[in-house]
Amino acid sequence: MEKMIEINKTSCKELLVWRMFLAIVLSIVFQFFLMSSIIIVTNLNPINPFLWMLNTWNVIFSFRMWWYFLLLATVTFLQGFMCSKDYLNPPKYLSNRFFIFCSMLGPRNVLLCTLYIVVGGILTWLHLSLKGGPYSSLTKNCNNIEGLCLVEEYFFLLLGGFWSGLYFFTKYNIYALQFLQFSIIPQTKFSQIKRAIHELLPGAMSSAIWPTLYFVCFYCLFGAWCRTFLMYLIPFSLENEPLDKISNLLNISLIFYLWLYCSLFVVMANTMHLMFQASLTEWISFDIERHTVFNNEKPNITLAEVLTMEDIPIIRQLGYLDLVTLAQKDKSRRAILFTLSKPGGHPYNWNQIIENCLLAINDYTIELNSIFSIKDVEKKLETESSTVTSNIYQKSYQYHMRSLVSPITKLSTETPSESTVSNEQFFIRLYKNYKQNLITYLFSKPLICFIFGEQLDSKARHVLSKSQPIIWAADAISSLAVASLTEDPYGIVLKDLPRIIETLLSVKKSLDKLQKASLVMRKPVSNDKILRQCLTSLRSATRRSIYRIVTTFQDFIDDLKLSPETVDQMHSFFTYRE
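Residues numbered from 1 in each chain as written. Predicted model: local features only at pLDDT ≥ 70, side-chain atom pairs only at ≥ 80, totals over all residues. Heavy atoms only, no water.

Student: Any chance you could explain the overall build of the protein here in plain terms?
Tutor: Assigned secondary structure in the protein consists of 23 helices and 2 strands. Per-residue burial for the protein yields a buried fraction of 43% across its 578 residues. With an accessible surface of roughly 32,700 Å², the protein has 63% of that area assigned to carbon and sulfur atoms. (Helix = DSSP H or I, 4+ residues; strand = E, 2+ residues; numbered from the N terminus. Buried < 20%, exposed > 50% of the residue type's maximum accessible area, 1.4 Å probe, protein only. Areas by Shrake-Rupley, 256 points an atom, 1.4 Å probe, with all protein chains shown as cover.)

Student: Explain the environment of Pro 91 to me, please; I cannot follow it from the model alone.
Tutor: Within the element layout of this structure, Pro 91 appears in the loop between α3 (63–88) and α4 (97–104). Once the C-alpha coordinates of Pro 91 and Asp 311 are considered, the two residues, 220 residues apart in sequence, prove to be 9.6 Å apart. Ignoring any residue separated from it by four or fewer positions in sequence, one finds Pro 91 in contact with Pro 313 and His 462. (Contact = heavy atoms within 4.5 Å.)

Student: What is the right way to read the confidence of the model for the protein from this model?
Tutor: Any region with low pLDDT has predicted coordinates that should not be read closely. Per-chain confidence: the protein averages 79 in pLDDT, with 84% of residues scoring 70 or above. Across the protein, helix α20 (residues 468–487) holds the top mean pLDDT of 93, while helix α15 (residues 407–412) sits lowest at 41. Taken together, the stretch residues 384–421 has pLDDT below 50 and engages in 14 contacts with residues farther than four places along the chain or on a different chain. (pLDDT = per-residue confidence, 0-100.)

Student: Would you explain the packing of aromatic side chains in this entry?
Tutor: The relative placement of two aromatic rings is captured by the distance of their centres and the angle of their planes. For the coordinates displayed, the defined rule picks out 27 aromatic pairs. Of the aromatic side chains, those joined through ring pairs into one cluster are Tyr 116, Tyr 167, Phe 168, Phe 169, Trp 210, Tyr 214 and Phe 265. (Phe/Tyr/Trp six-rings, centres within 6.5 Å; stacked < 30°, edge-to-face > 60°.)

Student: It is not clear to me how the nonpolar core should be interpreted in this structure. Could you clarify?
Tutor: Inside soluble globular proteins, nonpolar side chains tend to come together where they are buried. Of all hydrophobic cores here, the largest spans 147 residues; its most connected members are Phe 156, Leu 157, Leu 323 and Trp 350. When residues in this core are grouped by element, the largest group, 17 residues, is from helix α10 (residues 252–280). With sequence-adjacent residues up to four places away left out, Phe 156 is seen in contact with Phe 215, Val 216, Tyr 219, Leu 243, Leu 249, Leu 254 and Leu 258. (Core = buried A, V, L, I, M, F, W, Y, C linked by side-chain atoms within 4.5 Å.)

Student: Quick question: what am I supposed to make of the side chain of Ser 510 here?
Tutor: Residue position: Ser 510 is located in helix α21 (residues 497–517). In this view, Ser 510 contacts Thr 365, Leu 368, Asn 369 and Phe 372; residues no more than four positions away in its chain are not counted.

Student: Even after reading the chapter, I still don't get the environment of Ser 506, so can you show me in this structure?
Tutor: When you line up the elements, Ser 506 lands in helix α21. Here Ser 506 falls in the partly exposed class, since its relative accessible area comes to 27%. Setting aside anything within four residues of it in sequence, one finds Ser 506 in contact with Asn 362 and Thr 365.

Quick look at the structure:
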């Protein structure tokens, strides 16, 4: 059985690899189309359209153009390959600032940052080389002296390309969560791309404004040092006035090109994410039953197996997407789910699906409750820190009075049970107490707590980023419960209906507690809006699922043998006050 599961996981990964490869290829094709469009615009000649088209044709299909683009495509492919691991592997939870700092300096992040910087520089270099004009080369022949002189405008724009890569790597990979969003209305891959492209270009233009201004300020402060370092490595001369002065930097044409190339890098980075999202979130129909195979072909992947693949999150999400689609739109596949196994007469398919769904929701509820345990621990540390500090600095004589009880008298007051404790247990207990007191004392220091203390916001963001499968699981089991009233001939769903209701109520209780505590989004982060939407969608899906069951089974609630506490929690749904 375990070998079969491993084979199915391998098949799922092969499917994802082909989808990610298609996403990278589509991104490269889009980059070529965008580059060709920019060349057409920059060579615009309305007076002589034939010459305009001829020059554009010669540039686009020249050997130099294809050589440059092949280099850019290679680096883009490597960047896409590195980014694909963010969508294939489960997200890591970084509980404190120390772990976040260590992950920022990890080998993968260093390599990915290098790729971002190289891509930004290559993109700027490619467009400058193809455009021509005064900014097309790093050097030129000096007019007043012999040798080569530095074209500082070219150096400024090329350095701005490297800056764009560094800036957007920090923005997209350090201070933001990378996870895929599924569209509310199911769409094809190309429909998603077509709709998102119209929003991509204006968004890239506005996103490139701030890094452009930051780089202008950076070059004004450190441009002389960068230029001197380059001229130290390569013996160039400087014929024109230095560019790092404010009067020379206020060149509208130069700032425009800097903003344009920064916008192109934003388009490139967002296009990669868009292609991954459109390719990986495309719906897949999984089999409910395992087909009997008598040859050497690979066994089919069942829906129940997909729902358990937590180490491949995107496959698990696709499984829950298929489950909610089955529950709400596919009557023929629901009939397979409601059948009994032959021979045996057991609801094998339903039992597997419902167990996986309820287990996922219960585990998520535990994760939600763990957020509040962090808050309780912080309060406990705050209260204990004062006690530990007072014990450490406690004086031998309190109130300037000495103790009148001798140590021998104190020992004699111990009970016989305490005196018979073995030395080994005594030292173990003493060590544990000392260790706990030391940890409490260290975490009472603001700087240590700031670096190594677990963050409430990080925990809440990590939990909410995994909410999409839970939304679909709640919608799916409630829709299946409603459909079973007319489509379940054996009544196999009714035995699990009380568990379904209790599970949905428990997760709703935790979500309400999270909403009231206002633990989420206390600091403005770029993806806070998305996570607020996740919390709102999860609460809405939970209430919607409970209302769906209550509305359908309201006349049969007394027959379900629910606990009085559960009935009390459902009272607000009976009166439609939620």
